[in-house]
Amino acid sequence: LSKIYGYSELNAIAFISSCILVITFFYLFKFLFLLLCGWLFKQKNIFDNYFSYLSLVNKALGLILLLSSLILAFGVDDGFTRIVFTISIVMLVGVLLMRVVNAYFIFSQPFKIGLPEFIIGFLSLEMLPTLVFLKFLQENSDVLLNGFL
């Protein structure tokens, strides 16, 4: 980063550390929120199953992203890297769709909710924190990398 953008290594390390810290707080908040929901609705097993499934899916997504980024970073710029990129995007979308479908099956029967209620809940609990985090990174990446940390 220092050669390309002129940032010092210390600022880049602080930026990466702050991103890791924010992600850790998001997952800690999500875990505590699911724990609280399980206690409030007296459905602790369902929320525990959902959180363990969520952790499993996130590990699979991490492996897909790690392998594809290694291949894309060290691969020769030819048709193979484009194929790997396309396959990794298709796999990511497939895993995320599978996550939504399985979450619907986990929560629909015990709570007797329909698809519209589930979509609203899923978007507010899953997508909104991710979008807030991406907006935070977008607006503060220059500030964090230029040494205000």
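The coordinates are above.
Structural notes, computed from the coordinates. (Residues numbered from 1 in each chain as written. Predicted model: local features only at pLDDT ≥ 70, side-chain atom pairs only at ≥ 80, totals over all residues. Heavy atoms only, no water.)

Quick look at the nonpolar core
Then, in step 1: Judged by nonpolar contacts, L34, C37, I46, F47, Y50, F51, L54, A103, F107, F118 and F122 together constitute the single largest core of eleven residues.
Then, in step 2: Secondary-structure elements contributing two or more residues to this core are α2 (9-40), α3 (44-74), α4 (79-111) and α5 (115-145).
Then, in step 3: The leading source of residues in this core is α3, at five residues.
Then, in step 4: With residues near it in sequence (within four places) discarded, F107 still touches I46, F47, Y50, K112 and I113.
Then, in step 5: Residues V57, L61, I64 and V95 belong to the second largest nonpolar core, which totals six residues. (Core = buried A, V, L, I, M, F, W, Y, C linked by side-chain atoms within 4.5 Å. Buried < 20%, exposed > 50% of the residue type's maximum accessible area, 1.4 Å probe, protein only. Helix = DSSP H or I, 4+ residues; strand = E, 2+ residues; numbered from the N terminus. Contact = heavy atoms within 4.5 Å.)

Digging into α3
Then, in step 1: Under the 1.5 Å per step criterion, the end-to-end length of α3 is 45 Å for 31 residues, consistent within 8% with the ideal 45 Å.
Then, in step 2: Listed as buried for α3 are I46, F47, Y50, F51, Y53, L54, V57, L61, I64 and S68. (Expected span 1.5 Å × (residues − 1).)

Considering the environment of G38
Then, in step 1: By the element assignment, G38 lies in helix α2.
Then, in step 2: Sequence separation of G38 and D48 is ten residues, and the distance between their C-alpha atoms is 7.7 Å.
Then, in step 3: Once residues lying within four places of it in the same chain are set aside, the contact partners of G38 are Q43, K44 and F47.

Notes on unusual backbone geometry
Then, in step 1: Even without being a glycine, K42 presents a positive backbone phi close to 55°.
Then, in step 2: Within the secondary structure layout, K42 lies in the loop between α2 and α3.
Then, in step 3: Assessed through its relative accessible area of 73%, K42 is described here as exposed.
Then, in step 4: One non-glycine residue with positive phi stands out, namely K112, at about 50°.

Quick look at the packing of α3 against α4
Then, in step 1: α4 packs onto α3 with a crossing angle of 175° between their chain directions and a minimal axis gap of 10 Å. On the basis of their axis angle, the class for α3 and α4 is roughly antiparallel.
Then, in step 2: Of the residues that constitute the contact of α3 with α4, the class distribution is 24 nonpolar, five polar and one charged. (Axes fitted to C-alpha atoms, helices over the stretch in contact; angles between N-to-C directions. Parallel < 35°, antiparallel > 145°, perpendicular 65-115°, else oblique. Nonpolar A, V, L, I, M, F, W, Y, C, P; charged D, E, K, R; others polar.)

Observations concerning the environment of I106
Then, in step 1: Note that I106 resides in helix α4.
Then, in step 2: Classification of I106 by relative accessible area gives partly exposed; the value is 23%.
Then, in step 3: In sequence terms I106 and N49 are 57 residues apart; their C-alpha atoms lie 8.1 Å from each other.

Observations concerning a nonpolar patch on the surface
Then, in step 1: Together, L21, F25, L28, F31, L32 and L35 line one region of the surface with nonpolar side chains, adding up to about 550 Å² of accessible area.
Then, in step 2: Mapped onto the fold, L35 is located in helix α2.
Then, in step 3: Taking relative accessible area as the criterion, L35 reaches 36% and is therefore assigned partly exposed. (Patch = residues over 30% accessible without salt bridge, like charges linked within 9 Å, V, L, I, M, F, W, Y side chains within 5 Å. Areas by Shrake-Rupley, 256 points an atom, 1.4 Å probe, with all protein chains shown as cover. Salt bridge = Lys/Arg side-chain N within 4 Å of Asp/Glu carboxyl O.)

Some points on the pattern of salt bridges
Then, in step 1: Taken as a whole and assessed by the stated rule, the structure comprises one salt bridge.
Then, in step 2: Put simply, D48 and K44 hold a salt bridge, and the shortest N to O gap is 3.1 Å. Of the two residues, D48 and K44 both sit in helix α3, four residues apart, roughly one turn of that helix.

Some words on the packing of aromatic side chains
Ring pairs (aromatic) are described by centroid distance and by the angle formed between their planes.
Then, in step 1: A full pass over the atoms with the stated rule returns eleven aromatic pairs.
Then, in step 2: Between Y104 and F118, the aromatic rings sit 5.3 Å apart at their centres with planes inclined by 65°, giving edge-to-face as the arrangement. Of this pair, Y104 sits in helix α4 while F118 is found in helix α5, placing the two residues 14 residues apart along the sequence.
Then, in step 3: You can call F118 buried: its relative accessible area is 6%.
Then, in step 4: A network of ring pairs unites the aromatic residues F41, F47, Y50, F107 and F111 as a single cluster. (Phe/Tyr/Trp six-rings, centres within 6.5 Å; stacked < 30°, edge-to-face > 60°.)

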